[in-house]
Amino acid sequence: MKALTLAIFAVILTLTLYITYWAAKRTRTASEFYAAGGALSARQNGFALAGDWMSAAAFLGFSGLIALYGMDGSLYAVAALAAFLVILLLIAEPMRNTGRYTLGDVIAYRMQTPQARLAAVVGTIVVNLAYMIPQMAGAGALMKLILGIPYETAVVLVGIGMLVYVLFGGMIATTWVQIIKAALLLGAAALLVLLLLAQVGFNPFTLFSSVELKYGEKMLLPGGYLKHPLDPLSLALSFMLGTAGLPHIMTRFFTVPDARTARKSVLWLMFLAGSFFLVTTLIGFAAASFVGQDAIKAADKGGNLALPLLAQYLGGGAGTLGGQIFLAAICAVAFATILAVVAGLTLATSGAIAHDLYVNVIKRGQVSEQQQVRIAKLSTLAVGALAVGFGLLAQGFNVGVLVILAIAVAASANFPVIVLSLFWRRFNTAGVIGGVAVGLVSSLVLAFIGPAFMKGDAIFPILNPTILSMPLGFLGAVLGTLIGGRDRANEARFSEVLFQAQTGRGVGR
Amino acid sequence: MSATLPLPTAAVQAEPSARERDADGRYWDAAIASATFSELLQTKTRLVMPLLLASFGFIVVTMLLAGYARGFIAVKVVGAVNVGYLLVFAIYLLCWAVAVIYVRTANARFDRQASAAIAALQARSPS
């Protein structure tokens with residue numbers, strides 16, 4: 001059985017490594033390394049975005065939450081789709097029209113000061129590390145369970161695998177691994193839904209009643225996980241605004257040639273990932289009624305293995321060939337998911353360090369093309385080592401708090417600065433610094449004195465701090481702008497930024 | 001809206017003297033005040049604002065109901081399925097509908113209007 005599991009893992013990993021080998025031959029310039037040369041089609045980028053967005057937290061986490069807590073998990077899933085409304089309507093196209101490789105590019109284009117770029121670098125690094133650590137910890141836990149290898153070994157393996165993708169294949173490899181993974185994941189989910197519906201005579205309503213019968217009506221009501229009455233709203237705001245501040249998602253819009261392709265790729269994402277999020281309710285409920293909450297909790301306290309366990313059950317059950325194949329395939333896809341998402345995060349982080357910090361702030365742009373790629377790879381190595389180090393420290397740590405932290409920081413520190421840069425004439429460098437500083441500090445502090453970290457003794461009652469820290473971030477940005485004083489040259493520049501952001505003059509060769 | 005413009009080829013070149021003009025705010029003030037650009041901006045605002053407000057409104061109300069009106073959320077609609085799940089399902093449909101409406105309208109209008117604005121800018125300042 002173990003040999004079979006290993007064989008399935010080997011097949012999927014070999015496939016991704018082959019893609020990397022193929023992509024490595026096509027990665028020479030900095031633009032190819034960071035942005036796949038800006039040449040992806042809408043469908044390719046849509047699949048890659050869906051791959052990025054269906055991370056382990058979404059793919060394993062949402063179905064687990066639904067299996068254990070019912071409706072609150074479904075609220076998480078739908079919020080993850082609603083997240084892309086703001087991106088589609090306000091952010092994706094201006095982002096494509098004003099940036100090259102990083103979020104820092106967009107801010108620096110508006111402000112033209114190294115300080116503003118530096119503030120964007122800080123926001124990027126904090127968000128990406130907070131997002132990366134739970135992925136590493138998730139990989140460690142998953143591998144330990146499936147292959148029986150120690151947590152530490154698994155984390156180091158993820159680190160090495162991810163570095164291979166990024167160092168050799170850059171954004172082209174990372175993108176193609178995401179595309180393949182998204183297709184595998186959606187295929188597996190479709191099969192899973194087909195099999196689970198077959199169990200209930202293709203009547204999904206049966207699942208709702210069977211869950212209600214087995215675990216009581218509370219499963220069909222909010223409040224099981226999101227205890228405070230403001231928690232659902234804060235969660236939704238966090239996703240809807242925070243996703244627009246996640247640097248590894250934003251970087252995806254630099255990989256397409258123009259605004260038209262950017263918006264079409266978001267449409268692809270919303271249907272691909274949205275359909276998956278929609279069926280997580282069925283997957284979670286099926287796991288709760290067929291596998292049982294006790295068995296799910298026994299495998300992992302947080303419910304993260306509900307989906308793999310359901311796959312095992314539907315394949316024929318533990319110990320059967322079909323069950324083992326389906327379980328191994330799901331876990332291999334989950335592992336590829338984690339590798340690919342971590343690779344994307346590493347690329348976005350190394351972009352912030354190499355392209356923003358080194359090339360533009362320290363060297364003021366006086367760096368040759370080869371040097372840029374070399375520095376990018378060096379900083380990738382450093383970020384990878386950092387991720388493995390933090391991943392090792394994160395064992396047994398509540399990873400839920402980190403995901404909340406990442407997205408709350410993105411909503412509170414990055415989102416206000418992006419929006420105001422693109423849409424507010426008076427916004428200035430002092431405002432960027434004020435927004436990032438206040439958003440960062442308030443979301444960090446509120447998350448750490450909140451229920452995710454302090455459990456019962458929480459000083460701040462709401463799980464997700466965004467509902468308070470995001471307005472504070474905006475306030476910091478506005479106050480910073482007012483304190484910084486009027487800057488006529490900068491205000492005059494806004495006209496150019498507005499024109500550029502809305503028309504994409506000269507973008508896409 | 002001038003109808004004879006070609007579809008955007010996105011092959012517009014940045015003007016060589018762009019850097020000198022950057023320093024001159026009035027050049028860009030005039031650019032965004034131009035008829036073609038304000039038309040583009042107006043089309044965008046008219047499309048984006050209602051979509052954004054409607055979807056935000058619906059989602060915020062649903063999330064507040066989930067927090068403060070659990071009795072209402074619990075009302076059964078079909079079998080075990082309650083108002084809460086109906087609202088969640090409605091959010092999926094809403095997101096998809098908004099996305100399709102936006103992308104279709106944007107594809108039909110924005111790109112053409114954007115190239116018109118760029119063409120007008122270049123016509124005014126042959127470089």
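The model shown is predicted, which means the values in this text are computed figures rather than measured ones.

Caption draft 1: Expanded view of the overall build of chain A. Assigned secondary structure in chain A consists of 21 helices and zero strands. Against the 2.2 N^0.38 benchmark of 23 Å for 509 residues, chain A shows a C-alpha radius of gyration of 22 Å, consistent with a compact globule. Its C-alpha atoms put chain A at 70 × 50 × 40 Å along the principal axes. Counting the 509 residues in chain A, one finds 65% classified as buried. Across chain A, contacts joining residues at least 24 apart in sequence account for 81% of those joining residues at least 6 apart.

Caption draft 2: Structural view of the overall build of chain B. A count of helical and extended segments in chain B gives five helices and two strands. In sequence order, the secondary structure elements of chain B are arranged as α-α-α-α-β-β-α. Look at the contacts in chain B between residues 6 or more apart in sequence, and 75% of them connect residues 24 or more apart.

Caption draft 3: Spotlight on the nonpolar core. Counting residues in each nonpolar core, the largest one holds 234 residues, and the members touching the most others are A:Ala82, A:Ala287, A:Leu310 and A:Val342. At 25 residues, helix 15 (residues 321-362) of chain A tops the list of elements feeding residues into this core. Ignoring sequence-local partners within four residues, the contact set of A:Ala82 consists of A:Ala236, A:Phe239, A:Met240, B:Ile59, B:Ile91 and B:Cys95.

Caption draft 4: Main features of unusual backbone geometry. Residue and element names in this part refer to chain A. You will see that Ala 36, though not glycine, has its phi angle at about 50 degrees, which is positive. Tracing the chain through its elements places Ala 36 in the loop between helix 2 (30-35) and helix 3 (42-53). With phi around 60 degrees, Gln 112 is a residue other than glycine that occupies positive phi space. Here Gln 112 is to be found in the loop between helix 6 (103-111) and helix 7 (114-147). Judged by local crowding, Gln 112 falls into the partly exposed class, with 14 C-beta atoms found within 10 Å.

Caption draft 5: Highlighting the interface of chain A and chain B. Listed by partner, the interface residues are 48 residues for chain A and 50 residues for chain B. For the side of chain A that touches chain B, the elements supplying multiple residues, two or more each, are helix 5 (71-98), helix 9 (205-215), helix 10 (231-242), helix 12 (259-291) and helix 21 (488-503) of chain A. Residue contributions to the side of chain A that touches chain B peak at 10 residues, all from helix 5 of chain A.

Caption draft 6: Representation of the environment of A:Ala3 within the structure. By the secondary structure assignment, A:Ala3 is in helix 1 (residues 2-24). Residues A:Ala3 and A:Leu147 lie 144 residues apart in sequence; the distance between their C-alpha atoms is 9.8 Å.

Caption draft 7: Spatial organisation of the packing of helix 7 of chain A against helix 15 of chain A. Residues and elements named next belong to chain A. Viewed as axis vectors pointing N to C, helix 7 and helix 15 meet at an angle of 160 degrees, and their least axial separation amounts to 9 Å. In this view, helix 7 runs roughly antiparallel relative to helix 15, as classed from their interaxial angle. The handedness of the crossing between helix 7 and helix 15 is left-handed. The class makeup of the residues in the contact of helix 7 with helix 15 is 22 nonpolar, six polar and two charged.

Caption draft 8: Region of interest: helix 5 of chain A. Residues and elements named next belong to chain A. Taking 1.5 Å of rise per residue, the 28 residues of helix 5 would be expected to cover 40 Å, and the 40 Å separating its terminal C-alpha atoms lies within 8% of that figure. Taking the largest bend as the criterion, helix 5 deviates by roughly 55 degrees, centred on Leu 88. A large share of helix 5 lies buried, amounting to 27 of its 28 residues.

Caption draft 9: How the structure looks around the confidence of the model for chain B. All names here are of chain B. In this model, chain B carries an average pLDDT of 83, and 78% of its residues clear a pLDDT of 70 or more. Across chain B, the secondary-structure element scoring lowest on mean pLDDT is helix 1 (residues 18-22), at 52, and the one scoring highest is helix 3 (residues 35-68), at 95. Within the model, pLDDT remains below 50 along residues 1-17, and this stretch shows 27 contacts once partners closer than five positions in the same chain are excluded. Taken together, the chains of this predicted complex give a pTM of 0.90 and an interface ipTM of 0.92.

Caption draft 10: Spotlight on helix 8 (residues 151-199) of chain A. All names here are of chain A. Taking 1.5 Å of rise per residue, 49 residues should cover 72 Å, yet helix 8 covers just 36 Å from first to last C-alpha, more than 12% shy of that figure. Residue Gly 169 marks the point of greatest curvature in helix 8, where the axis turns by about 125 degrees. Positive phi appears at Gly 201, one or two residues downstream of helix 8, with a value of about 60 degrees.

Caption draft 11: Focus on the packing of helix 1 of chain A against helix 15 of chain A. Residues and elements named next belong to chain A. Between helix 1 and helix 15, the shortest axis-to-axis distance is 9 Å and the interhelical angle comes to 35 degrees. With respect to the hand of their crossing, helix 1 and helix 15 are arranged in right-handed fashion. Two secondary-structure elements touch here, helix 1 through Leu 4, Thr 5, Ile 8, Phe 9, Ile 12 and Thr 16 and helix 15 through Gln 324, Ile 325, Ala 328, Ala 329, Ala 332, Val 333, Phe 335 and Ala 336. Counted by class, the contact of helix 1 with helix 15 contains 11 nonpolar, three polar and no charged residues.

Caption draft 12: Fine view of the environment of A:Tyr69. All names here are of chain A. Looking at the element boundaries, Tyr 69 is found in helix 4 (residues 56-69). Judged by the 23 C-beta atoms lying within 10 Å of it, Tyr 69 falls in the buried class. What Tyr 69 contacts, discounting residues up to four positions off in sequence, is Gly 224 and Tyr 225.

Caption draft 13: Highlighting the environment of A:Ala340. All names here are of chain A. Checked against the element boundaries, Ala 340 lands in helix 15. The buried category is assigned to Ala 340, around which 29 C-beta atoms lie within 10 Å. Between the C-alpha atoms of Ala 340 and Gln 178, which are 162 residues apart in sequence, the distance is 6.0 Å. When neighbours within four sequence positions are excluded, Ala 340 is seen to be in contact with Gly 51, Thr 174, Val 177, Gln 178 and Lys 181.

Reading the values: the criteria
- Residues numbered from 1 in each chain as written.
- Chains lettered and ligands numbered in written order.
- Predicted model: local features only at pLDDT ≥ 70, side-chain atom pairs only at ≥ 80, totals over all residues.
- Helix = DSSP H or I, 4+ residues; strand = E, 2+ residues; numbered from the N terminus.
- Rg over C-alpha atoms; globule rule 2.2 N^0.38 Å.
- Buried ≥ 20, exposed ≤ 12 C-beta atoms within 10 Å, placed from the backbone.
- Contact = placed C-beta atoms within 7 Å.
- Core = buried A, V, L, I, M, F, W, Y, C linked by C-beta atoms within 7 Å.
- Axes fitted to C-alpha atoms, helices over the stretch in contact; angles between N-to-C directions.
- Parallel < 35°, antiparallel > 145°, perpendicular 65-115°, else oblique.
- Left-handed = near helix turned anticlockwise from the far one by under 90°.
- Nonpolar A, V, L, I, M, F, W, Y, C, P; charged D, E, K, R; others polar.
- Expected span 1.5 Å × (residues − 1).
- Bend = angle between axes of the 7 residues up to and from the residue.
- pLDDT = per-residue confidence, 0-100.

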